[in-house]
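Architecture at a glance
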Amino acid sequence: MENDIAVKVSKLSRHFGSFVAVDEISFEVKKGEIFGFLGANGAGKTTAIKMLCGLLKPTSGEAYVAGFNIKTESSNIKKHTGYMSQKFSLYEDLKVKENIEFYGGIYGLSRKEILNKTKLLLSELHLENMQNSLTKTLPMGWKQRLALSTALLHDPPVIFLDEPTGGVDPVSRRNFWRIIYKIANLGKTIFVTTHYMDEAEYCKRLSIMHKGKIIEIGTPADLKSKYNKSSIQDVFVELADRD
Amino acid sequence: MRQILYLVQKEFRQIFRDKAMLRIIFIVPLIQILVLGNAITTDVKNIKIVIQDQDKTPYSRELILQFVHCKYFKTIGFEDNYTNLSDCLASGKANLAIVIPKHFQRHIVLNKKPDVQILVDGVDGNYAGVALGYATDILQKYQERLISSTPYLGFYAKNIHRVEKAPMFWYNPNLESKPYIVPGLIAILLLIITMFLTSMGIVREKEIGTLEQLMVTPIRSYQLVLGKVIPFSILGIVVINIAMGFIYLIFGIAVKGSLLFMVFESLIFIISTLGLGIFISTISETQQQALFMAWFTMICFILLSGFFFPIANMPYVIQKITLLNPLRYFIIILREIYLKGTSIKDLIPETLSLVAFGACLFIAAIIRFRKKIG
Ligand SMILES: Nc1ncnc2c1ncn2[C@@H]1O[C@H](COP(=O)(O)OP(=O)(O)OP(=O)(O)O)[C@@H](O)[C@H]1O
Ligand SMILES: [Mg+2]
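No experiment lies behind these values; they were computed from the predicted model shown.

Remarks on the pattern of salt bridges
Residue and element names in this part refer to chain A. Applying the stated criterion across every chain, the model contains 25 salt bridges over all chains. The salt bridge partner of E199 is R173, with a shortest N-O separation of 3.1 Å. Of the two residues, E199 sits in helix α7 (residues 197–202) while R173 sits in helix α6 (residues 170–185), which places them 26 residues apart along the sequence. You can call R173 buried: its relative accessible area is 11%.

Quick notes on the layout of surface pockets
All names here are of chain B. Here the second largest pocket defines a volume of roughly 710 Å³. The wall of the second largest pocket is formed by 33 residues, among which M21, I24, I192, F196 and L197 lie closest to the centre. Secondary-structure elements contributing two or more residues to the lining of the second largest pocket are α1 (2–17), α2 (19–39), α8 (178–208), α10 (221–251) and α12 (287–303). The dominant element in the lining of the second largest pocket, judged by the number of residues it contributes, is α8, at 10 residues.

Observations regarding the interface of chain A and chain B
Counting from both sides, the interface comprises 28 residues of chain A and, opposite them, 23 residues of chain B. Together, the buried faces of chain A and chain B total about 2,500 Å²; carbon and sulfur atoms form 55% of this surface. For E98 of chain A, the salt bridge identified is with R13 of chain B, shortest N-O distance 3.3 Å. Seen at the junction of chain A and chain B, the total is 16 residue pairs in polar contact (both at pLDDT 80 or more). Broken down by element, the residue count for the side of chain A that touches chain B peaks at 6 residues, all from helix α3 (residues 96–106) of chain A. Here the side of chain A that touches chain B is composed, by residue class, of 14 nonpolar, 5 polar and 9 charged.

Overview of the sheet that holds strand β5 (residues 68–69) of chain A
Residue and element names in this part refer to chain A. On the basis of which strands lie adjacent, the open sheet formed by 4 strands has the order β2-β1-β4-β5 and antiparallel pairing. Across the chains shown, the open sheet's two edge strands, defined by having one partner strand only, are β2 (19–30) and β5. Bridging between strand β4 (residues 60–65) and β5 involves 2 bridges; their strand directions are antiparallel. If you follow V65 over to β5, its bridge partner there is F68. Relative to strand β1 (residues 5–16), helix α1 (residues 45–52) is tilted by about 120°, and along the sheet it contacts β1, β2 and β4.

Here we look at the nonpolar core
Ranked by size, the top nonpolar core spans 117 residues in total, and within it L161 and I190 of chain A together with L327 and Y338 of chain B carry the most contacts. Among the elements that make up this core, the one with the highest residue count is α8 of chain B (15 residues). Counting residues in hydrophobic clusters, the runner-up holds 28 residues, among them V9, L12, I49 and F160 of chain A.

Remarks on the sheet that holds strand β9 (residues 205–210) of chain A
All names here are of chain A. Reading across the sheet, the 6 strands line up as β6-β7-β8-β3-β9-β10 and stay open at both edges, with mixed pairing between neighbours. A strand with exactly one partner marks an edge of an open sheet, and here the two such strands are β6 (81–84) and β10 (213–218). Shown here is a sheet whose adjacent strand axes are inclined to one another by a mean of 15°, direction ignored. Alignment of β6 against strand β7 (residues 158–162), held across 4 bridges, turns out to be parallel.

A few points about the coordination of the magnesium ion (ligand 2)
Within the protein, the magnesium ion (ligand 2) binds to T46 of chain A (OG1) and Q86 of chain A (OE1); these donor distances fall in the range 1.8 to 2.2 Å. Remark: Q86 of chain A occurs in the loop between β6 and α3 and T46 of chain A occurs in helix α1; sequence separation between them is 40 residues.

Comments concerning empty space enclosed by the protein
All names here are of chain B. The tally for this structure, following the rule as stated, stands at 4 cavities of 30 Å³ or more. If you add up the space inside the largest cavity, you get close to 80 Å³. Taken together, L7, K10, E11, I202, E205, L211, L214, L224, V225, G227, K228 and F369 make up the full set of residues lining the largest cavity. Broken down by secondary-structure element, the contributors of at least two residues to the lining of the largest cavity are α1, α8, α9 (210–215) and α10. Counting residues per element, the lining of the largest cavity draws most heavily on α10, which supplies 4 residues.

Considering the site of ligand 1
All names here are of chain A. As a matter of local geometry, ligand 1 sits amid 14 residues, with G42, K45, T46, T47 and Q86 nearest to it. The separation between an oxygen atom of ligand 1 and a polar side-chain atom of T47 is 2.5 Å. Interatomic distance of 3.1 Å between a side-chain N/O atom of E163 and an oxygen atom of ligand 1. Counting residues per element, the ones that place at least two in the shell around ligand 1 are β2 and α1. Tallying contributions element by element places α1 first for the shell around ligand 1, with 3 residues.

About the cut-offs
- Counting restarts for each chain: residues are numbered from 1 in the order of the written sequence.
- Whichever chain is written first becomes A and whichever ligand is written first becomes 1, with later ones labelled in order.
- It should be noted that, the model being predicted, local features are given only for residues of pLDDT at least 70 and side-chain atom pairs only at 80 or more, the latter also being counted only at that level, while totals for whole chains, interfaces and linings use all residues.
- Side-chain figures throughout are based on the complete set of non-hydrogen atoms in the structure, without hydrogens or water.
- Definition used for salt bridges: Asp or Glu carboxyl oxygen within 4 Å of a side-chain nitrogen of Lys or Arg.
- Note on conventions: DSSP H or I runs of at least 4 residues are helices, E runs of at least 2 residues are strands, and numbering of each starts at the N terminus.
- The cut-offs for exposure are 20% and 50% of the maximum accessible area for each residue type, with area from a 1.4 Å probe on protein chains only; residues under the lower value are buried, those over the upper are exposed, and the others partly exposed.
- Here a cavity means grid points, on a 1 Å grid over the protein atoms only, where a 1.4 Å probe fits yet cannot get out; a pocket means an open set of points with protein on both sides within 12 Å along at least five of seven lines; lining residues are those with an atom within 4 Å of a point.
- Grid points are joined across faces, edges and corners, and a volume is the space filled by probe spheres set on the points.
- Any two residues having at least one pair of non-hydrogen atoms within 4.5 Å are treated as being in contact.
- The quantity reported as buried area is the accessible area (1.4 Å probe) lost by two parts once they are put together, taken as the sum for both.
- Contacts described as polar in this section are N or O atom pairs within 3.5 Å, which, within protein, must combine one atom able to donate a hydrogen with one able to accept it, while residues neighboring in sequence count only if both atoms come from side chains.
- Note that Gly is not counted as nonpolar here; it falls among the polar residues with everything else outside the nonpolar set of Ala, Val, Leu, Ile, Met, Phe, Trp, Tyr, Cys and Pro and the charged set of Asp, Glu, Lys and Arg.
- A pair of strands is considered paired only if DSSP assigns at least 2 bridges between the two.
- Every axis corresponds to a line fitted to the C-alpha atoms, with the helix fit spanning only the stretch in contact, and the corresponding angles, defined between N-to-C directions, vary from 0 to 180 degrees.
- For this analysis, a nonpolar core means a set of buried residues of the types Ala, Val, Leu, Ile, Met, Phe, Trp, Tyr and Cys, connected via side-chain atoms within 4.5 Å.
- Here a donor is an N, O or S atom found within 2.8 Å of the metal, or within 3.2 Å if the metal is Na, K or Ca; sites may look incomplete because water is not among the atoms.
- When at least one non-hydrogen atom of a residue lies within 4 Å of a molecule or strand, that residue is treated as near it.

Purely spatial values, then, with no claim about function.
What follows is the structure in structure tokens.
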């Protein structure tokens, strides 16, 4: 397997009973790339991500993440990926720093590492003043930054973000994307799903999913010129209308 | 190992931050002990009696006095009409009716057989039996007095060799039901805290999505389970010790046996209940479902445990089914330790049964948990 490939998926499918949620998708993501997954509700984005980070078993097909087979090396997958789920899922009744401490401990960091990381993350995310607040009292945008930071605690090379900016105001979304760029500049691979078309433009490469299938893949510029549109929004609408 | 400690720490932080939960955990047991300890009583006291004296002679009156002065009976009235008498029983105004027929005195004096009729409301069979026992006791004593004071009975007849019974009930001399009920209450408390809180705690994490977040970490499912189970075990043991304190303060009933041994047996018992809790969490998607399942399990366990109804009174098949109930063994063990101070060597079969159930239930639960979630 080539060294600069972070995620390699071939003919990956997932069925729920007779329903096909993900239908033989294939693609590759390069190291350090910000790879976007675009698709309407129910297109199968979350299902695909869950298979890639070891939460769901695929029905058929193959996939490698950070060089590990998702079917047979799930414990390595878990060590080398970060996952931020679509639904905010940190402990609302723990304090901000308690959440960081907890996930640090779960990822097997030492006390000292946890302390250092906590300090670093709190300052990077501008959460120092909130560290002793209960997590449920944070505004949504901050919660999501916290969720991202806990997903990064163990320094994973590949990070899956499932609609990280859902329900967040435009300013917070912009800030969030600044952080994503910063992380990508550190050489980490970011795999992100989104509903927001403006965010799609921030991605280095995009795949558009529809009813479980990937119907288009390429850089935003390529896609726009291919369909002769001025924005990804228009490309997306054009593709959706064909159906 | 460190991962488990972090899980335990997290769980305790959550428990102590949730004031409503704390209230449930610490105040509900107190209320349960107060209410159930006083309400569930199988003591038969204040048996309401109604008397019909058709004879109205010194002898019949003397017999009536025995009933009136007996502390177990409460005479609610005298009734000359037989229909009214049976109405008293039917309406529940009286539990027991005594009918002294005409010629009662005459039969005694003439050395014939005097009769007394006793009617008992038999709806609650247990109660009726005990009430009838007290009544026959009074009649027997009365008869003995008659014999010894009858002038024309010969010396031999008076001193005839009668076997007198003077029963002594050990361990619970007054046959009170509280000492009998209380150990059962502790067992149920432990069942509730460990089974309910474990199942609901896991399902709650499923609902809010934190379980999924944990599943993407390298944590193993056994660590996850232990991280859930250890805090609730500690909590359970602490709560029953507090409960025993309450029981001593309120009812004056203290543990006869070793407290350490009791904690040891409790730990063995909760392996089963924790296993059930985990199992319930694997078949429930919502906390309501988990609550319902836990509730259902608890009711079955209690009814088949001998807590309310003696197992010996159950139909044969049901008696056999109770052998599959860990709570049954634990209540036996607790009663033995609480009331008699029995030591481990007399409780080996029960303890081994608990170990066996615990091992099976817990292992099955973990396997299912790994399949469903891992
Ligand atoms: N556990 C499941 N059992 C049955 N069907 C499921 C399950 N999970 C997802 N699905 C179905 O699979 C399809 C794809 O779901 P998925 O969550 O992957 O979509 P999505 O692209 O993430 O949508 P959204 O934008 O709403 O998050 C949906 O129709 C959903 O109902
Ligand atoms: Mg989704």
